[in-house]
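# A closer look at the structure
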Amino acid sequence: MSTRIFQNDWADILRDELQQDYYQKLRIWLMREYESNKIYPPMYELFNAFHYTAYKDVKVVLLGQDPYHGTNQAEGLSFSVKKGERIPPSLRNMYKELQADIGCPIPSHGSLVKWAEQGVLLLNTVLTVEDGKAHSHQGKGWETFTDKVISLLNQRKQPIVFILWGKPAQKKQFLIDNSKHRVLTSPHPSPLSAHRGFFGSKPYSQTNQFLIEQGFEGIDWCIE
């Protein structure tokens, strides 16, 4: 868990943050957790969101809560699961809205790598979780780390779309200058809250409309 994990510009951008006392304590605690418990995602996939989407390439931040806590689900990208794994209910609802919003066919798998490779930073507010224990790594330091990530992205001159679903993600809103960036909020796509305003929120078309207005290419949201 060092800057060597980052294979792009995030290595320099986050170098100082990884030396902070809180992060060093988090790192030591995580090493013990990985040794003694079943933690997701696997350690080598922990920073996949950064690996797939360089700082300079970020167009959209899709902010989730914490990783999936079931076997073989979490892969270091918010909401995404590897091909061959069952599509989780929240992601199914995202796909339903994707179809209703811009007409994409509902994919047969849950991998969102295609989005990440186009500049969608698939970030969670907390980056690890214990097997079967949702929210088990809250309050350990990850929130401070992801606050810093959002703050660094907010400093970008190029406008970014921040998609904040659910209350944990929306707590980051105070870090974002919405006179420069676009912030889209709605209830979380989980089955518990999707019908309270997530369905019909049109996040995909709104994102592309903003990007195009700013002179950038929109995201090809459709997944083969």
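It should be emphasised that the depicted structure is a prediction, and the values quoted were computed from it without experimental measurement. (Residues numbered from 1 in each chain as written. Predicted model: local features only at pLDDT ≥ 70, side-chain atom pairs only at ≥ 80, totals over all residues. Heavy atoms only, no water.)

## Let's talk about the packing of aromatic side chains
- Enumeration according to the criterion identifies 18 aromatic pairs in this entry.
- Both rings, one in Phe-47 and one in Trp-142, keep their centres 6.2 Å apart while their planes meet at 75 degrees; by these two values the pair is edge-to-face. In this pair, Phe-47 is assigned in the loop between strand E1 (39-40) and helix H3 (48-52) and Trp-142 in helix H6 (residues 142-154), connecting sequence segments 95 residues apart.
- Given the relative accessible area of 4%, Phe-47 is considered buried. (Phe/Tyr/Trp six-rings, centres within 6.5 Å; stacked < 30°, edge-to-face > 60°. Helix = DSSP H or I, 4+ residues; strand = E, 2+ residues; numbered from the N terminus. Buried < 20%, exposed > 50% of the residue type's maximum accessible area, 1.4 Å probe, protein only.)

## Let's talk about the state of the cysteines
- Applying the stated rule across the entire model yields 1 disulfide.
- Between the sulfur atoms of Cys-104 and its disulfide partner Cys-222 the distance amounts to 2.0 Å. Between Cys-104 and Cys-222 the disulfide shows an S-S torsion of about -80 degrees. By sign, it is left-handed. Placement of Cys-104 in the loop between helix H4 (89-102) and helix H5 (113-117) and of Cys-222 in the segment after helix H8 (203-213) is noted, with a sequence separation of 118 residues between them.
- On the basis of relative accessibility, which here comes to 0%, the residue Cys-104 falls in the buried class. (Disulfide = S-S within 2.5 Å.)

## Quick notes on the side chain of Asn-154
- The residue Asn-154 is located in helix H6 in this model.
- Of the residues examined, Asn-154 reaches a relative accessible area of 16% and is grouped as buried.
- At 2.7 Å, the side chain of Asn-154 forms a polar contact with the backbone nitrogen of Asp-177. (Polar contact = N/O pair within 3.5 Å; in protein donor to acceptor, adjacent residues only side chain to side chain.)

## Observations regarding the nonpolar core
- Membership of the largest hydrophobic core comes to 69 residues, with the highest contact counts inside it found for Trp-10, Phe-50, Met-94, Trp-115, Trp-142, Phe-145 and Leu-153.
- The contact partners of Trp-10, leaving out residues within four places of it in the chain, are Arg-15, Phe-50, Thr-53, Ala-54, Tyr-55, Val-58, Leu-121, Val-149 and Leu-153. (Core = buried A, V, L, I, M, F, W, Y, C linked by side-chain atoms within 4.5 Å. Contact = heavy atoms within 4.5 Å.)

## Comments concerning H4
- The end-to-end C-alpha distance of H4 is 20 Å, a good match for the 20 Å that 14 residues give at a rise of 1.5 Å each.
- Looking at H4, one finds that the buried residues are Ser-90, Leu-91, Asn-93, Met-94, Tyr-95, Glu-97, Leu-98 and Asp-101.
- On the buried face of H4, the contacting elements are strand E2 (60-64), H5, strand E5 (161-165) and H8.
- Of the residues one or two after H4, Gly-103 is the one with positive phi, at around 85 degrees. (Expected span 1.5 Å × (residues − 1).)

## Focus: the pattern of salt bridges
- Scanning all chains against the criterion turns up 7 salt bridges.
- Ionic pairing is found between Asp-12 and Arg-15, a salt bridge with its closest N-O pair at 2.6 Å.
- Here Arg-15 falls in the partly exposed class, since its relative accessible area comes to 37%.
- Residue Lys-133 pairs with Glu-130 through a salt bridge whose shortest N-O separation is 3.4 Å. (Salt bridge = Lys/Arg side-chain N within 4 Å of Asp/Glu carboxyl O.)

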